[in-house]
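Given next are the chains, with one letter for each unit.
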Amino acid sequence: MHPSRRRPVAALILVIAGTIALTGCSSHEDAEPKNYGHQWMSQMSSQLPSDFGGVGGRLVLGDDNPKKATASISLQYDLEGPYDILAVCRSTETVHLTIHAFTATKDGSGQSLDTKERLGEADINCGTTMRIPIDVPRGRDGITLDASTDDRSERTLFETSVVTRGSKV
């Protein structure tokens, strides 16, 4: 090959190799891996005492309010009386948690959860465990935990557990 042709061919090979290397290193999507946060949530659920169960999840953007990431989980337990909700979060500064009581009524397709009174709410500073006291009235079928944050990254995780009022953590 003639020396004057070697330079453009070498330059072309470098451009192609560089493009391939950069393509391999860059992400083609902003989504988290499918198991994002599973290890943390598993660790938190094993570290938080749980006399009456616990739940957690990832806060995601919804169609109803695209300005906040939210999660809503219902625990259908026969609870009555004083309890504490232990709550912890990560990957943001603050998560707002609201706890409601509900009753379950039968409808055409199964059961419908009718939210009743608000039992408690708090702003959880992520990285710390928050204790939220609640009093569940007689005749309720369970509680609903509504979590929200202004952080729209969809990386926020939270974990909660229901314990006897005043139990040691």
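Residues numbered from 1 in each chain as written. Predicted model: local features only at pLDDT ≥ 70, side-chain atom pairs only at ≥ 80, totals over all residues. Heavy atoms only, no water.

Draft legend 1. Inspection of the sheet that holds strand β7 (residues 130-136) at higher detail. Judged by pairing direction, the sheet is antiparallel, and its four strands sit side by side in the order β1-β9-β4-β7 without closing on themselves. Each edge of the open sheet is held by one strand with a lone partner, namely β1 (54-58) and β7. Pairwise comparison of adjacent strand axes, ignoring direction, gives a mean angle of 20° for this sheet. In this structure, strand β4 (residues 81-90) lies alongside strand β9 (residues 157-164), joined through eight bridges in antiparallel fashion. By the bridge assignment, D84 is partnered in β9 with V163. Contacts between helix α2 (residues 38-47) and the sheet are confined to β1, β4 and β9, with β9 contributing the most and set at about 15° to the helix. (Pairing = 2+ DSSP bridges. Helix = DSSP H or I, 4+ residues; strand = E, 2+ residues; numbered from the N terminus. Axes fitted to C-alpha atoms, helices over the stretch in contact; angles between N-to-C directions. Contact = heavy atoms within 4.5 Å.)

Draft legend 2. Molecular detail of the pairing of strand β3 (residues 69-75). Judged by which residues are buried, β3 turns out to be one-sided: A69, A71, I73 and L75 face inward and are buried, whereas T70, S72 and S74, on the alternate face, are not. Across two bridges, strand β2 (residues 60-61) lies against β3 in antiparallel orientation. Bridge pairing in β3 links V60 to T70. Pairing analysis gives seven bridges linking β3 to strand β8 (residues 142-149), with the strands arranged antiparallel. Residue pairing in the sheet places S72 in a bridge with D146 of β8. (Buried < 20%, exposed > 50% of the residue type's maximum accessible area, 1.4 Å probe, protein only.)

Draft legend 3. Local environment of the environment of L97. With respect to the secondary-structure elements, L97 resides in strand β5 (residues 94-107). Since its relative accessible area comes to 0%, L97 is described here as buried. When the C-alpha positions of L97 and A71 are compared, they lie 9.6 Å apart, and in sequence the two are 26 residues distant. Apart from the residues within four sequence positions on either side, L97 is in contact with I85, A87, G120, E121, A122, I124, I132, L145, D146, A147, F158 and T160.

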